[in-house]
Amino acid sequence: SKPSLNCACKTSDKPKQPDKLTCIHRLPHSLYLEWNVPDPEGAPVRRFEVQYRSDQAFTSWHTAACADTQRQAPPRECAWRCVLEELDAMTTYRIVLRALNEVGWSDCSSEAAFDTSGLPQLTGPCPDVFRVTDPSAATAEAAMREAS
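As the structure is a prediction and not an experimental result, all values here were calculated from the model. (Residues numbered from 1 in each chain as written. Predicted model: local features only at pLDDT ≥ 70, side-chain atom pairs only at ≥ 80, totals over all residues. Heavy atoms only, no water.)

Engineer: Go over the pairing of strand 2 (residues 30-36), please, and point to the residues and values.
Structural biologist: For strand 2, the tally of buried residues reaches 5 of 7 residues, placing the bulk of the element in the interior. Alignment of strand 1 (residues 19-27) against strand 2, held across 6 bridges, turns out to be antiparallel. Bridge pairing in strand 2 links Arg26 to Leu31. Linkage of strand 1 to strand 2, two consecutive antiparallel strands, is achieved through a turn of 2 residues. Here 6 bridges tie strand 2 to strand 6 (residues 79-84), and the two strands are oriented antiparallel to one another. Residue pairing for strand 6: Tyr32 is matched across the bridge by Val83. (Buried < 20%, exposed > 50% of the residue type's maximum accessible area, 1.4 Å probe, protein only. Helix = DSSP H or I, 4+ residues; strand = E, 2+ residues; numbered from the N terminus. Pairing = 2+ DSSP bridges.)

Engineer: Residues and numbers for the nonpolar core, please.
Structural biologist: Counting 20 residues, the largest nonpolar core has Leu21, Leu33, Trp35, Phe48 and Ile95 as its most contacted members. Listing elements by their share of this core, those giving two or more residues are strand 2, strand 3 (47-54), strand 6, strand 7 (92-100) and strand 8 (112-115). The greatest single-element share of this core, amounting to 4 residues, is contributed by strand 7. Leaving out residues up to four positions away in the same chain, Ile95 has contacts with Leu21, Leu31, Leu33, Val50, Gln51, Tyr52, Trp61, Leu84, Ser110, Glu111, Ala112 and Phe114. (Core = buried A, V, L, I, M, F, W, Y, C linked by side-chain atoms within 4.5 Å. Contact = heavy atoms within 4.5 Å.)

Engineer: How would you sum up the pattern of salt bridges? Please name residues and give values.
Structural biologist: Once the charged atoms of two side chains with opposite charge are near each other, the side chains can pair. All chains considered together, the criterion is met by 6 salt bridges. The salt bridge involving Asp55 is made with Arg94; its shortest N-O contact spans 2.9 Å. Pair noted here: Asp55 is in the loop between strand 3 and strand 4 (62-64) and Arg94 is in strand 7, with a separation of 39 residues, a long-range link. On the basis of relative accessibility, which here comes to 37%, the residue Asp55 falls in the partly exposed class. (Salt bridge = Lys/Arg side-chain N within 4 Å of Asp/Glu carboxyl O.)

As structure tokens, then:
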């Protein structure tokens, strides 16, 4: 029999909508985010766009520079993480994101809201000055007092 000249080819798609957007750690001025988006066959995800705004009225959306976006190791290779920085403490932020590959942008994720934490509080007495001493210097100082 002759070989078939038919070839089945499949084109790649743009990424699926990112989902499971969660905040895995929060600090006064940053949020550590994680989400899932699988790579379409033949066209891996290249980058993400994270947009955020404070939850206050009449605030506009900002695009975050998430240069530190990282894919997680197997078996969680669909999971991605980044740190959203330079935020205000004790503030609620609305966040959406989308993924890009060589075919195009995904649809935006569902909007999620996360709070930054408050500033650290001191609990108990705190001396105004911390003094670090070198034991050999203290011994030399005591020897000089005795000599005088």
